[in-house]
Amino acid sequence: MLNLVLFGPPGAGKGTQAELLAKTFELNHVSTGDLLRTEIAAKTALGIEAKRKIDKGELVPDEIVVAMIKNKLEKNKDVNGFIFDGFPRTLEQAMALDKLLDENETPVTGMLRLEVEKQEVIIRLLNRGKISGRSDDQDRSIIENRITVYCQKTLPIIEYYKPQGKHFEVNGMGSVEEIAGRLKEVVEKIR
């Protein structure tokens, strides 16, 4: 089973690239953003709590996200693998993901890190905000906070995957097609 973690700052293009990788390698795309937006739209207790955190540019608590991921894995046991988009975002989430996957004897194959310059991330998010209407993509101070949270809480995951030989850096600058080609090349080597 091929299990990939697509990693990078907000606005790096994880969602777009995860969809392309899912099609190319016939993987189940697990987007925590999509899972959260579904809960928020349904106005569930989980969704209301998540929205409060997201509107401030903060991370949703681990226990909420891990529970959603566990449900997704349990409902999709007969797939070729998963591509995790937006998860894990903390060291605790990375360890929880390993535990969930170990229960099925299907470890993470690799963590693909999209490298994108900070200014490019800000431009991409502001542009996405104009199209999507997402409030967290329209306010520069919230975007800056999201980048800070990413640097403080998410970047340390690299040191979790590196010693396992599962960390792969990929240039996230350029066209969607160029980035997709680079990612595909890496996945072909590690699967």
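Overview of the structure.

Thresholds, definitions, all that
- Residues numbered from 1 in each chain as written.
- Predicted model: local features only at pLDDT ≥ 70, side-chain atom pairs only at ≥ 80, totals over all residues.
- Heavy atoms only, no water.
- Core = buried A, V, L, I, M, F, W, Y, C linked by side-chain atoms within 4.5 Å.
- Buried < 20%, exposed > 50% of the residue type's maximum accessible area, 1.4 Å probe, protein only.
- Helix = DSSP H or I, 4+ residues; strand = E, 2+ residues; numbered from the N terminus.
- Contact = heavy atoms within 4.5 Å.
- Polar contact = N/O pair within 3.5 Å; in protein donor to acceptor, adjacent residues only side chain to side chain.
- Expected span 1.5 Å × (residues − 1).

## Section: the nonpolar core
Soluble globular proteins: nonpolar side chains tend toward being buried together.
Then, number 1: Judged by nonpolar contacts, the single largest core of 27 residues is most densely connected at Val5, Ile69, Leu73, Phe84, Phe87, Leu97 and Tyr161.
Then, number 2: Elements with a contribution of two residues or more to this core: strand S1 (2-7), helix H4 (62-75), strand S3 (81-85), helix H5 (91-103) and helix H8 (157-161).
Then, number 3: If you tally residues by element for this core, the top one is H4, at six residues.
Then, number 4: Sequence-distant contacts of Tyr161, that is, excluding residues within four places in its chain, are made with Val5, Pro88, Ala94, Leu97, Val108, Met111, Lys166 and His167.
Then, number 5: With 23 residues, the next largest nonpolar core counts Leu6, Ala22, Leu125 and Ile143 among its residues.

## Some words on the side chain of Asp136
Then, number 1: Locating Asp136 in the fold gives a position in the loop between helix H6 (118-132) and helix H7 (140-154).
Then, number 2: Accessibility expressed as a relative area gives 7% for Asp136, which makes it buried.
Then, number 3: Among the polar contacts made by the side chain of Asp136, one reaches the side chain of Arg134 at a distance of 2.9 Å.
Then, number 4: Apart from residues lying up to four places away in sequence, Asp136 is in contact with Ile54, Ile142, Ile143 and Arg146.

## Some remarks on unusual backbone geometry
Note: most residues except glycine have negative phi, and most peptide bonds are trans.
Then, number 1: With an omega of 0°, the peptide bond between Phe87 and Pro88 qualifies as cis.
Then, number 2: With respect to the element layout, Pro88 can be found in the loop between S3 and H5.
Then, number 3: Of note, the phi angle at Lys43 is positive, near 55°, even though the residue is not glycine.
Then, number 4: Inspection of the secondary structure assignment puts Lys43 in the loop between helix H2 (32-41) and helix H3 (45-55).
Then, number 5: For Glu105, which is not glycine, the phi dihedral falls at a positive 55°.
Then, number 6: As for its position among the elements, Glu105 is in the loop between H5 and strand S4 (110-115).
Then, number 7: By relative accessible area, which is 72% here, Glu105 ends up exposed.

## Considerations on H5
An α-helix turns once per 3.6 residues; consequently, residues spaced three or four apart project the same way.
Then, number 1: Under the 1.5 Å per step criterion, the end-to-end length of H5 is 19 Å for 13 residues, consistent within 8% with the ideal 18 Å.
Then, number 2: Taken together, the buried positions of H5 are occupied by Gln93, Ala94, Ala96, Leu97, Asp98, Leu100 and Leu101.
Then, number 3: On its buried side, H5 packs onto S1, H4, S3 and H8.
Then, number 4: Looking at the residues trailing H5, positive phi occurs at Glu105, about 55°.

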